[in-house]
Amino acid sequence: MYPLNRKSVVVWIISLLLICFAVPSPAALKEGDPLPALDAYKLEGKLPADLKGKVILLDFWASWCGPCKSSFPAMNGLHKQYADKGLKIIAVSVDEKRDDMDRFLKSLPASFAVVRDAAHKLVAMADVPTMPTSFLIDRSGKVRFVHKGFRGDETVKQYRAEIDTLLAEKEPK
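Attention in this report is confined to the structure presented alongside it. (Residues numbered from 1 in each chain as written. Predicted model: local features only at pLDDT ≥ 70, side-chain atom pairs only at ≥ 80, totals over all residues. Heavy atoms only, no water.)

**Remarks on helix 5 (residues 153-168)**
Part 1 of the reasoning: Spanning 16 residues, helix 5 covers 22 Å between terminal C-alpha atoms, matching the ideal 22 Å at 1.5 Å per step.
Part 2 of the reasoning: Taken residue by residue, helix 5 has Thr155, Val156, Tyr159, Glu162, Ile163, Leu166 and Leu167 as its buried positions. For helix 5, the buried positions fall inside an angular range of 135 degrees around the axis, keeping them on one side. In helix 5, the exposed residues that point more than 90 degrees away from the buried face are Asp153, Lys157 and Ala168.
Part 3 of the reasoning: Buried residues along helix 5 sit against strand 1 (55-61), helix 2 (66-82), strand 2 (87-93), strand 4 (133-137) and strand 5 (143-148). (Helix = DSSP H or I, 4+ residues; strand = E, 2+ residues; numbered from the N terminus. Expected span 1.5 Å × (residues − 1). Buried < 20%, exposed > 50% of the residue type's maximum accessible area, 1.4 Å probe, protein only. Arc of directions from axis to C-beta. Contact = heavy atoms within 4.5 Å.)

**Some thoughts on helix 3 (residues 98-107)**
Structurally, the α-helix is built with 3.6 residues per turn, so residues lying three or four positions apart point the same way.
Part 1 of the reasoning: The complete set of buried residues in helix 3 reads Met101, Phe104 and Leu105. Buried residues of helix 3, seen end-on, are gathered within an arc of 95 degrees and therefore sit on one face of the element. Among the exposed residues of helix 3, those oriented more than 90 degrees off its buried face are Asp99, Arg103, Lys106 and Ser107.
Part 2 of the reasoning: Residues of helix 3 that are buried make contact with strand 1, helix 2, strand 2 and strand 3 (113-116).

**So, the environment of Thr165**
Part 1 of the reasoning: Within the secondary structure layout, Thr165 lies in helix 5.
Part 2 of the reasoning: Overall, Thr165 belongs to the partly exposed group, its relative accessible area being 40%.
Part 3 of the reasoning: It is 9.4 Å that separates the C-alpha atoms of Thr165 and Asp138, two residues lying 27 residues apart in sequence.

**A closer look at the pattern of salt bridges**
Part 1 of the reasoning: This structure, assessed with the given rule, holds eight salt bridges.
Part 2 of the reasoning: Arg116 serves as the salt-bridge partner of Glu44, at 2.9 Å between the closest nitrogen and oxygen. With Glu44 in the loop between helix 1 (6-20) and strand 1 and Arg116 in strand 3, this residue pair connects regions lying 72 residues apart in the sequence.
Part 3 of the reasoning: When its relative accessible area of 28% is taken as the criterion, Glu44 is described as partly exposed.
Part 4 of the reasoning: On the basis of relative accessible area, Arg116 is assigned to the buried category, the value being 6%.
Part 5 of the reasoning: Measuring nitrogen to oxygen at the nearest pair gives 3.1 Å for the salt bridge that ties Asp138 to Arg144.
Part 6 of the reasoning: Owing to a relative accessible area of 7%, Asp138 belongs among the buried residues under this scheme.
Part 7 of the reasoning: Residues participating in the shared-partner salt-bridge network are Glu44, Arg98, Asp102 and Arg116. (Salt bridge = Lys/Arg side-chain N within 4 Å of Asp/Glu carboxyl O.)

See the structure below:
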């Protein structure tokens, strides 16, 4: 048996406390979580001015993503249909180079807000598993639906049903 001196006991207790009370790493953004303050992530581009009380479609995308090329026309359609009813769409590019994002947007212009997460801080916090991934946020600022990938008309149909549900809910006071 090893002799226990005061120093080894203190080290053992501190080690035990660190193991027991270690702060877990942040989990992925998921249904029920509050939307973090987007302006805290120093995104390049202009975020919509007032998101409070709005339904938000937060979409993570990249210029190299094949399904993203199909999702942008669909999101333009959703924006046209729902913007006046309270939907805000924010597309967050994860492109390393701004030129790649700009080239994509030149071929597929967006009628909604587009920002770039050059530092990849927001995408890391959200723990986005695939491109595109989108989060539908309700009027109170909580994530209500998560979409991984984009499957054309099937995804658009889901978006519409979920957006209709969220827009029908009363605004928080």
